[in-house]
Amino acid sequence: MWMTRYLDAQNDLFLYGDQKMKITIIGTGYVGLVTGACLAELGNDVFCLDVDQRKIDILNNGGIPIHEPGLEEIVARNRAAGRIQFSTDVEASVKHGDVQFIAVGTPPDEDGSADLQYVVAAAKNIGKYMTNFKVVVDKSTVPVGTADRVSAAIAAELAARSVTAEFSVVSNPEFLKEGAAVEDFMRPDRIVIGCDQTPQGEKARSQMKKLYAPFNRNHERTYWMDVRSAEFTKYAANAMLATRISFMNELANLADHVGADIEAVRHGIGSDPRIGHSFLYAGCGYGGSCFPKDVQALERTAQDYGLNLLILQAVEAVNARQKQVLGKKIQQRFGENLSGRHFAIWGLAFKPNTDDMRAASSRVLLGELLRAGATVAVYDPVSMQEAKRVFELDFYDAPELLASIRYAANPMDALLEADALAIVTEWKAFRSPDFDEVKARLKQPVVFDGRNLFEPTVMTELGIEYHGIGRSVLTNK
Ligand SMILES: NC(=O)c1ccc[n+]([C@@H]2O[C@H](COP(=O)([O-])OP(=O)(O)OC[C@H]3O[C@@H](n4cnc5c(N)ncnc54)[C@H](O)[C@@H]3O)[C@@H](O)[C@H]2O)c1
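The rules behind the values
- Residues numbered from 1 in each chain as written.
- Predicted model: local features only at pLDDT ≥ 70, side-chain atom pairs only at ≥ 80, totals over all residues.
- Heavy atoms only, no water.
- Helix = DSSP H or I, 4+ residues; strand = E, 2+ residues; numbered from the N terminus.
- Buried < 20%, exposed > 50% of the residue type's maximum accessible area, 1.4 Å probe, protein only.
- Axes fitted to C-alpha atoms, helices over the stretch in contact; angles between N-to-C directions.
- Parallel < 35°, antiparallel > 145°, perpendicular 65-115°, else oblique.
- Left-handed = near helix turned anticlockwise from the far one by under 90°.
- Contact = heavy atoms within 4.5 Å.
- Nonpolar A, V, L, I, M, F, W, Y, C, P; charged D, E, K, R; others polar.
- Expected span 1.5 Å × (residues − 1).
- UniProt positions renumbered as here; feature names shortened; annotations may be inferred.
- Core = buried A, V, L, I, M, F, W, Y, C linked by side-chain atoms within 4.5 Å.
- Near = heavy atom within 4 Å.
- Polar contact = N/O pair within 3.5 Å; in protein donor to acceptor, adjacent residues only side chain to side chain.
- Areas by Shrake-Rupley, 256 points an atom, 1.4 Å probe, with all protein chains shown as cover.

Participant: Let's hear about unusual backbone geometry: which residues, and what values?
Facilitator: Notably, F279 is not glycine yet its phi reads approximately 55°, a positive angle. One can find F279 in the loop between α11 (262-270) and α12 (291-304). With relative accessibility at 30%, the residue F279 sits in the partly exposed group. Of note, E417 is a non-glycine position whose phi angle comes to about 65°, a positive value. Classification of E417 by relative accessible area gives exposed; the value is 52%.

Participant: A description of the packing of helix α10 (residues 227-258) against α12 should follow, citing residues and the corresponding values.
Facilitator: Between α10 and α12, the least distance of the axes is 9 Å, while the angle of their chain directions is 115°. With respect to each other, α10 and α12 are oriented roughly perpendicular. For the crossing formed where α10 meets α12, the hand is left-handed. Residues F232, K234, Y235, N238, A239, L241, A242 and I245 of α10 lie in contact with α12, whose contacting residues are F291, D294, V295, A297 and L298. For the contact of α10 with α12, a count of residues per class yields ten nonpolar, one polar and two charged.

Participant: Would you mind going over α12 in detail, with residue names and values included?
Facilitator: Taking 1.5 Å of rise per residue, the 14 residues of α12 would be expected to cover 20 Å, and the 20 Å separating its terminal C-alpha atoms lies within 8% of that figure. Counting buried positions over the 14 residues of α12 gives ten, a clear majority of the element. When we look at burial in α12, the residues that qualify are F291, P292, K293, D294, V295, A297, L298, E299, T301 and A302. G306 occupies a position one or two residues after α12 and carries a positive phi of about 75°.

Participant: Help me get a handle on the UniProt feature "binding site: substrate" (unreviewed entry) in the protein, residues and values and all.
Facilitator: Here the UniProt-annotated "binding site: substrate" (unreviewed entry) positions come out as F175, L176, K177, E178, K234, F279, L280, Y281, A282, G283, G287 and K351. Spatially, the listed residues are scattered: they cover 177 residues, and their C-alpha atoms lie as much as 23.9 Å apart. Within the element layout of this structure, F175 appears in the loop between β6 (167-171) and α8 (181-186). The buried category is assigned to F175, whose relative accessible area is 17%. Discounting residues that sit within four places of it in the chain, F175 has contacts with D184, R190, V192, T233, K234 and A237. One can find K234 in helix α10. Apart from residues lying up to four places away in sequence, K234 is in contact with T141, P173, E174, F175 and D294.

Participant: Help me get a handle on the nonpolar core, residues and values and all.
Facilitator: Grouped together as the largest cluster of nonpolar side chains are 61 residues, with contacts concentrated most on I330, I345, W346, L366, L369 and F391. Beyond its immediate chain neighbours, meaning those up to four positions away, W346 contacts Y379, P411, A414, L415, L421, A422, I423, V424, T425, F430, P433 and V438. Of all hydrophobic cores here, the second largest spans 42 residues; its members include A37, L42, F101 and V137.

Participant: Residue-level account of the site of the ligand, with values.
Facilitator: Near the ligand lie 25 residues; those nearest to it are D50, K55, T106, E178 and K293. Within the backbone of V51, a nitrogen or oxygen atom sits 3.5 Å from a nitrogen atom of the ligand. Protein contact buries 90% of the 840 Å² of open area that the ligand shows by itself. Taken together, the residues of the shell around the ligand break down into ten nonpolar, seven polar and eight charged.

As structure tokens, this is what we get:
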């Protein structure tokens, strides 16, 4: 089904002859690899650069370093057609692309600001080797003003070589969602591009227009703006989404106290078109590589200008507290000291359809349970390997805690002899388990549902003690 729809899109979007462009993608991570693969799928000639030899080797051996639905087929198809190549050769990468996308990581620095060292390193490399006009595209999520830093880094390298070559830095933030990244890239809601109004900026604008033309055939999806507004738009979008989640989480905790059902409330407010249904799910906190760091980075930018973003401070504080909510509920039920207790966790990735464990709520819950003395069996459909890697880092100074984690072979295996099940990620595979088997395997039928997958009344009828988020009213009836 997915494939059929995709091929339709391909027929519609494919480029021929001189419409094809030479593109370099710097940073072959979630965003870079998806961007590169999708632009190759349209017919462009794409060079993907990374400093991580391991990633490049995996890709050159026909593998894929991340889990992202549909991506493997696209990469394989375009490699076979000679439209995409993977390399660590910086000089060749700069020579290749008329358009150079910077898609490296921008992790949080110690003070919460975005760490721009990888972006600046990429910019310097461009300056070191470029000899003709380049459009340099900031695709990474970067604070307002970063394009100026990128320009300065390139200009300094050109000056050091006494080379005169023109370039223009464009902001083109990425809005894809991990788990649906290919679909999001190929069928974007909107494309945001910020260019400056210099002659080089105008040249860059026309190249970006040509590159994105296939996406605008049906209707115009591009919002053209100045560079700073484009940089800001990405942070504003993530901050808004994080705010909705924290808002609902805060109300869910109140609902637990006042005897209201947050799911009923969600329907009741989401039906108002001014509010809408998206991103109103209460749960055990947001994670991932974007919301936590982008909210922090926007706050940090404000502080640089002497401003405090009070709403975003609260969004972050509420989220930090919400990541502890499952642990608290478990300790309320079983006592603060969990020695001798054993729990099962379903779902480790920060959200379904990805193996990304960055800032995942599961890490907080696991730490709380282990530190309170419990042993834990964990299961996730795709992130087991990544989870092992991450937990070894999280507990590097506490090998006894690491030894208390069992990696289960499947969801039911995780339940064996557990005092309760905690659900942290809303994978489809967890939505309709065989509840008789769940009951039979658990030591006692207790479920802590961090994503409100189940109906409390149904669970009670099944004889399962159920703890959702903001749903106590139904469980206690
Ligand atoms: N992951 C998402 O869902 C998502 C969505 C939208 C925007 N973003 C933003 O896009 C950017 C990239 O995110 P990601 O999740 O793809 O990161 P990632 O960590 O998965 O990938 C970054 C890659 O860049 C490589 N790299 C670092 N320095 C390099 C250099 N100088 N030259 C070449 N390669 C280099 C790293 O080895 C890594 O493979 C971030 O700013 C992020 O905030 C991410």
